[in-house]
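A closer look at the structure
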Amino acid sequence: MHIKYNAPTVLTYAFISALVLVLSQTLLPSLTTALFMVPGRNQFNPRDLVNWVRVFTHVIGHANWNHLISNFSFILLIGPILEETYGSLSLLFMIAVTAFVTGILNAFLLPTALLGASGVVFMMILLASFTNFKQGEIPLTFILVLTLYLGREIFNSFTNNNISEFAHIVGGFCGSLFGFFRSARR
């Protein structure tokens, strides 16, 4: 028996995120804010190339170990199933699109910065409810997950906290669209 690198996209993503956090907490304390945090509406300069890089890389950076573990416990649980179902490159594409959509909407609509993979988590949660989808059906699991997870995020968006419920909602929307479009092609 041997250990298998069974989900290359998910595992590489997790290892890179952990490495960035280690580096930002030890040798390069400003790394996260420099390359892995999307500035909010008032700070985002569309002429600055680094801001466009951050629109994609914010899903790699995390504020601390609790933040990273909270996100990657879901990603490592759900991601390998999705990677097996949809393929490594397709999942990487979905992660990149979700990063871009959550990052760009945050940069142009919200005054606060964005950091972390929670939009990707919600994309995966909603996408997972489509893994055994059949043509012409809407999975009840999708309806329940949409209601429970996104309903909670909409409710929580009215509280004062450091969590981007907006990224959760947008990530869930991305996962829903990926699920519908992918399932329609099967």
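Structure shown above.
Below, the structure is looked at part by part. Remember, predicted model here, so these are calculated numbers, not experimental data.

The subject of this paragraph is the overall build of the protein. Helix and strand counts for the protein come out as eight helices and zero strands. Moving toward the C terminus, one meets the helices and strands of the protein in the order α-α-α-α-α-α-α-α. Taking the principal axes of its C-alpha atoms as reference, the protein extends roughly 45 × 45 × 30 Å. Classification of the 186 residues of the protein by burial places 44% in the buried group.

Bringing the side chain of Ser118 into the picture now. Position of Ser118 among the secondary structure elements: in helix α6 (residues 118–128). According to the relative accessible area criterion, Ser118 is buried, its value standing at 13%. A polar contact of 3.0 Å, which involves the side chain of Ser118, links it to the side chain of His168. Dropping the residues within four chain positions of it, Ser118 is found in contact with Asn71 and His168.

So, on to the packing of α6 against helix α7 (residues 140–156). In a packed pair of helices, the relevant descriptors are the angle between the two axes and the axis-to-axis distance. The interhelical angle for the contact between α6 and α7, taken along N-to-C directions, is 155 degrees, at an axis separation of 9 Å. Taken together, the axes of α6 and α7 lie roughly antiparallel to each other. Only Phe142, Val145, Leu146, Tyr149, Leu150, Arg152 and Glu153 of α7 make contact with α6, whose side of the interface consists of Phe122, Ile125 and Leu126. Split by residue class, the contact of α6 with α7 holds eight nonpolar, no polar and two charged.

So, about the packing of helix α4 (residues 65–86) against helix α5 (residues 88–109). Remark: α4 packs on α5, axes separated minimally by 7 Å, with the N-to-C direction vectors making an angle of 120 degrees. The angle between α4 and α5 places the two elements in the oblique class. In this structure, α4 contributes Gly79, Leu82, Glu83 and Tyr86 to the contact, and α5 contributes Ser88, Ser90, Leu91 and Met94.

On to helix α3 (residues 49–57). For α3, the set of buried residues is Asn51, Arg54, Val55 and Thr57. Where the residues of α3 are buried, they touch α2 (31–35) and α5. Where α3 begins, one side-chain oxygen reaches toward the backbone nitrogen of Val50, 3.1 Å away; that side chain belongs to Asp48.

Moving on: α4. With 22 residues, α4 extends 29 Å between its outermost C-alpha atoms, agreeing within 8% with the 32 Å of an ideal straight helix rising 1.5 Å per residue. In α4, a bend of some 35 degrees at Gly79 exceeds every other bend along the element, and Pro80, a proline, comes one to four places later. Of all the residues in α4, the buried ones are Leu68, Asn71, Phe72, Ile75, Ile78, Gly79, Pro80, Leu82, Glu83 and Tyr86. If you check the start of α4, you find a side-chain oxygen 3.2 Å away from the backbone N of Asn66, and it comes from Asn64. Positive backbone phi, at 100 degrees, marks Gly87, one or two positions downstream of α4.

A word on a nonpolar patch on the surface. Among the surface-exposed residues, Ile138, Leu140, Ile143, Leu144, Leu148 and Phe180 lie close enough to one another that they form a single nonpolar patch of about 590 Å² accessible area. Among the elements that make up the nonpolar patch, the one with the highest residue count is α7 (four residues).

Attention now goes to the packing of aromatic side chains. A full pass over the atoms with the stated rule returns nine aromatic pairs. Taking 5.4 Å as the distance between ring centres and 80 degrees as the angle between the ring planes, the aromatic pair formed by Phe142 and Phe180 counts as edge-to-face. Residue Phe142 is found in helix α7, and its partner Phe180 is found in helix α8 (residues 165–185); the two are separated by 38 residues along the sequence. The structure contains a cluster of three or more aromatic residues connected by ring pairs, namely Phe44, Trp52 and Phe108.

Rules of the game
Each chain has its residues counted from 1, running along the sequence as written. Confidence filtering applies because this is a predicted model: local features only for residues at pLDDT of at least 70, side-chain atom pairs given and counted only at 80 or more, and all residues used for totals across whole chains, interfaces and linings. Only hydrogens and water are set aside; all other atoms, that is, all heavy atoms of the structure, feed into the side-chain values. Only runs of H or I of at least four residues qualify as helices and only runs of E of at least two qualify as strands under DSSP, and these elements are numbered from the N terminus. Think of it in three bands: with a 1.4 Å probe and only protein chains considered, a residue is buried below 20% of the maximum accessible area for its type, exposed above 50%, and partly exposed in between. Two N or O atoms form a polar contact when they lie within 3.5 Å of each other; inside protein one atom must be a possible hydrogen donor and the other a possible acceptor, and for residues adjacent in sequence the pair counts only when both atoms belong to side chains. In this analysis, two residues are considered to be in contact whenever any of their non-hydrogen atoms come within 4.5 Å of each other. To define axes, lines are fitted to C-alpha atoms, for helices over the stretch in contact only, and angles between the resulting N-to-C directions are given on a 0 to 180 degree scale. Here is the rule for angles: anything less than 35 degrees is roughly parallel, anything more than 145 is roughly antiparallel, 65 through 115 is roughly perpendicular, and the remaining ranges are oblique. Asp, Glu, Lys and Arg are counted as charged, while Ala, Val, Leu, Ile, Met, Phe, Trp, Tyr, Cys and Pro are counted as nonpolar; the rest, among them Gly, fall into the polar class. In a helix, the anticipated span is given by 1.5 Å times the number of residues less one. The angle between axes fitted to the seven residues ending at a residue and the seven residues starting there is what we call the bend at that residue. Within this analysis, patches are made of residues with over 30% relative accessible area and no salt bridge. Like charges are joined at 9 Å or less; nonpolar side chains (Val, Leu, Ile, Met, Phe, Trp, Tyr) at 5 Å or less. Working definition of accessibility: Shrake-Rupley area with a 1.4 Å probe, residue cover restricted to the visible protein chains. Criterion for a salt bridge: a side-chain nitrogen of Lys or Arg within 4 Å of a carboxyl oxygen of Asp or Glu. For Phe, Tyr and Trp, rings pair up if their centres lie within 6.5 Å, where Trp contributes its six-membered ring, and each pair is then called stacked (planes under 30 degrees apart), edge-to-face (over 60) or tilted (otherwise).

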